[in-house]
Amino acid sequence: MNEKEVELLKLIEKNANLEVEKIAKLMGISIEEVRELIDGLEEKKAILGYSTLIDWAKVLDKEDVTAMVDVKVTPARGVGFDKVAERIYRFPEVNSVYLMSGSYDLSVSVKGKTMMDIGNFISEKLSTLDSVISTTTHFVLKKYKHDGIILHDDDDDDKRIVVSP
C-alpha cells in the first residue's frame, strides 16, 4: 500500500461522501488518479463499502435495541475461532463479531426491535450452538460516540439551574 492510497483511505474514512473533485484537490492529484486509486482499493478489497452514520435516536419510532454479547466458545480443531465466528456473523441479527482477549472469546453486537427480540435470539439461536459455552449480555442504553463521531446536539445546553453557596 503506497502513501497516496493510505491518504485517500484516511480522507474517505472520515467522510465517504467526499466528491472525487474535492479529494483530488485535497491530495494534489488529478481526478482520474483519484478514480484509479479508488477502483484499485475496491479491487484489493481495502474498501469494502461505504456507509452513513445515522443517529437513530433522532428518527421517531425507528431506534432499535442494541446489545453487546460476550461469548465464551470452544474453538474448532484446526480452524480456531474462525468457524465459530463465521457461524455467528451469518445471523441477520448480528452487526459485528470480534475476537477478544480476556475472559470471553468473542464480542458480538446484536440489533433487534425489542429487548425480547434480542433475548430470543440469544436463547434460541446463539446459545444453542454446540461451540457456545456461555454468554453475557449488555444492553446499550445510550450512545455518546460512534466511529469517532459524537452523537449529541451542540444546542443541548445544560438546562439545570446553577446552585452556588
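Scroll up to find the structure this text is about.
Attention here is on the structure that accompanies the text.

Thresholds applied
- Residues numbered from 1 in each chain as written.
- Predicted model: local features only at pLDDT ≥ 70, side-chain atom pairs only at ≥ 80, totals over all residues.
- Heavy atoms only, no water.
- Helix = DSSP H or I, 4+ residues; strand = E, 2+ residues; numbered from the N terminus.
- Buried < 20%, exposed > 50% of the residue type's maximum accessible area, 1.4 Å probe, protein only.
- Patch = residues over 30% accessible without salt bridge, like charges linked within 9 Å, V, L, I, M, F, W, Y side chains within 5 Å.
- Areas by Shrake-Rupley, 256 points an atom, 1.4 Å probe, with all protein chains shown as cover.
- Salt bridge = Lys/Arg side-chain N within 4 Å of Asp/Glu carboxyl O.
- Lys, Arg positive; Asp, Glu negative; His and termini not counted.
- Charge placed at Lys NZ, Arg CZ, Asp CG, Glu CD.
- Axes fitted to C-alpha atoms, helices over the stretch in contact; angles between N-to-C directions.
- Parallel < 35°, antiparallel > 145°, perpendicular 65-115°, else oblique.
- Left-handed = near helix turned anticlockwise from the far one by under 90°.
- Contact = heavy atoms within 4.5 Å.
- Nonpolar A, V, L, I, M, F, W, Y, C, P; charged D, E, K, R; others polar.

## Quick notes on the overall build of the protein
Moving on, step 1. Counting secondary structure elements, the protein contains five helices and six strands.
Moving on, step 2. Reading the secondary structure of the protein in the N-to-C direction produces α-α-α-β-α-β-β-α-β-β-β.
Moving on, step 3. C-alpha extents for the protein along the principal axes are approximately 65 × 55 × 35 Å.
Moving on, step 4. Residues classed as buried in the protein amount to 25% of the 165 residues present.

## Details of a negative patch on the surface
Moving on, step 1. Together, Glu-32, Glu-33, Glu-36, Asp-39, Glu-42 and Glu-43 make up a negatively charged patch on the protein surface.
Moving on, step 2. Within the element layout of this structure, Glu-43 appears in helix H3 (residues 31-43).
Moving on, step 3. Taking the relative accessible area as the measure of exposure, Glu-43 reaches 70% and is therefore exposed.

## Focus: the packing of helix H1 (residues 3-14) against helix H2 (residues 20-27)
Moving on, step 1. Two elements in contact, H1 and H2, have axes separated by 11 Å at closest approach and are oriented at 130°. Taken together, H1 and H2 sit at an angle that is classed as oblique. Considering the relative orientation of H1 and H2, their crossing is right-handed. Two secondary-structure elements touch here, H1 through Lys-4, Glu-7, Leu-8, Leu-11 and Ile-12 and H2 through Ile-23, Leu-26 and Met-27.
Moving on, step 2. Taken together, the residues that form the contact of H1 with H2 break down as six nonpolar, no polar and two charged.

## Focus on the side chain of Thr-66
Moving on, step 1. Residue placement: Thr-66 occurs in strand S1 (residues 65-73).
Moving on, step 2. In contact with Thr-66, not counting residues within four places along its chain, are Ser-109, Val-110, Lys-111, Ile-118, His-138, Phe-139, Val-140 and Lys-143.

Read these as geometric descriptors, not functional statements.
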